[in-house]
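# Topology and contacts: notes
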Amino acid sequence: MLKITGGQFRGRTLVAPPTLRPTEAKVRQAVFNILGDFIDDARVLDGFAGSGAFGLEALSRGAAFVAFVESETEAVLCLRDNVARFDPELPPGSSRVVHMDIDGGLRMLAKEEPPFDVVILDPPYRAVDGKKALNTVVECAMLAPSGVVVLEHHRNTRMPLSVGAVRQWKEHRYGGTVLSLYQLGAAE
């Protein structure tokens with residue numbers, strides 16, 4: 001069962017389509033332990049959102065706004081249902097669901113929204129979509145000056161050490177899952 005691991009909505013369950021591979025609770029919790037207080041009042045982008053677990057976790061922990069990008073219709077239906085469950089307890093306008101492929105969704109958000117403090121990319125497992133999405137985030141200048149990109153990927157998938165001015169500054173391993181963290185101008 002998929003649950004929020006911390007914050008205001010800790011323990012609440014989420015619905016997810018059976019075709020989805022949700023990120024394990026321990027990995028989601030690790031992401032927010034790494035981010036710490038940085039998530040407070042942050043603008044967050046949840047790319048490859050699926051059920052919306054990462055973005056809803058961010059809202060639960062004090063993020064000011066989350067944009068969810070998901071292409072799969074079944075996942076978007078679950079995502080919208082999950083957001084609706086939390087919506088009465090959230091400030092108006094604190095979330096946005098974009099039903100588009102990741103590249104199109106990122107490019108649209110880059111034109112319509114200010115830069116994001118936290119970008120979480122959780123592409124389909126063992127896919128190379130994360131690299132492409134990271135390139136789009138950098139190309140479209142979607143990251144705030146002190147922002148962080150968290151890219152989840154399989155341990156056998158090599159991620160670049162840098163894309164433009166964005167550099168990998170940390171990497172954490174959890175079994176077969178790796179979290180690569182990027183920042184503007186971070187030391188390699």
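A few points on the structure. (Residues numbered from 1 in each chain as written. Predicted model: local features only at pLDDT ≥ 70, side-chain atom pairs only at ≥ 80, totals over all residues. Heavy atoms only, no water.)

With that settled, the discussion passes to the overall build of the chain. Along the chain, the regular secondary structure elements total 5 helices and 10 strands. Expected size for 188 residues packed as a compact globule is a radius of gyration near 16 Å; at 15 Å, the chain falls within 12% of this value. The principal-axis extent of the C-alpha atoms belonging to the chain is close to 40 × 35 × 30 Å. For the chain, the share of sequence-separated contacts (at least 6 apart) that also reach a separation of at least 24 residues comes to 64%. Here the chain displays about 8,400 Å² of accessible surface, and carbon together with sulfur accounts for 50% of that area. (Helix = DSSP H or I, 4+ residues; strand = E, 2+ residues; numbered from the N terminus. Rg over C-alpha atoms; globule rule 2.2 N^0.38 Å. Contact = heavy atoms within 4.5 Å. Areas by Shrake-Rupley, 256 points an atom, 1.4 Å probe, with all protein chains shown as cover.)

So, about the environment of L134. Its location among the elements puts L134 in helix α5 (residues 129-139). Sequence separation between L134 and M159 is 25 residues, and the spatial gap between their C-alpha atoms is 9.6 Å.

Ordered in space as β5-β4-β3-β6-β7-β10-β9-β8, the 8 strands form an open sheet in which the pairing is mixed. Strands at the two margins of the open sheet, each flanked by one partner only, are β5 (95-99) and β8 (162-163). Packing of helix α1 (residues 25-35) onto the sheet brings it into contact with β6 (116-121), β7 (143-154), β9 (166-174) and β10 (177-184), and relative to β10 it is tilted by some 25°. Where helix α2 (residues 53-60) meets the sheet, its contacts fall on β3 (43-47), β4 (65-70), β5, β6 and β7, and the angle it forms with β4 comes to roughly 175°. (Pairing = 2+ DSSP bridges. Axes fitted to C-alpha atoms, helices over the stretch in contact; angles between N-to-C directions.)

Within β6, 5 of the 6 residues are buried, which leaves it mostly tucked inside the rest of the structure. Relative to β6, β3 runs parallel, the two being bridged by 4 bridges. From the neighbouring strand, D46 faces β6, where its bridge partner is I120. Across 5 bridges, β6 lies against β7 in parallel orientation. Looking at the pairing, L121 lines up with L151 of β7. (Buried < 20%, exposed > 50% of the residue type's maximum accessible area, 1.4 Å probe, protein only.)

This paragraph deals with the pattern of salt bridges. Scanning all chains against the criterion turns up 10 salt bridges. The residue R85 makes a salt bridge to D81 at a minimum N-O spacing of 3.5 Å. Here the residue R85 and the residue D81 both occupy positions in helix α3 (residues 73-86), the gap between them amounting to 4 residues, near one helical turn. What makes D81 partly exposed here is its relative accessible area of 38%. The shortest N-O distance in the salt bridge between E113 and R96 comes to 3.0 Å. One end of the pair, E113, is in the loop between α4 (102-112) and β6; the other, R96, is in strand β5, and 17 residues separate them in sequence. (Salt bridge = Lys/Arg side-chain N within 4 Å of Asp/Glu carboxyl O.)

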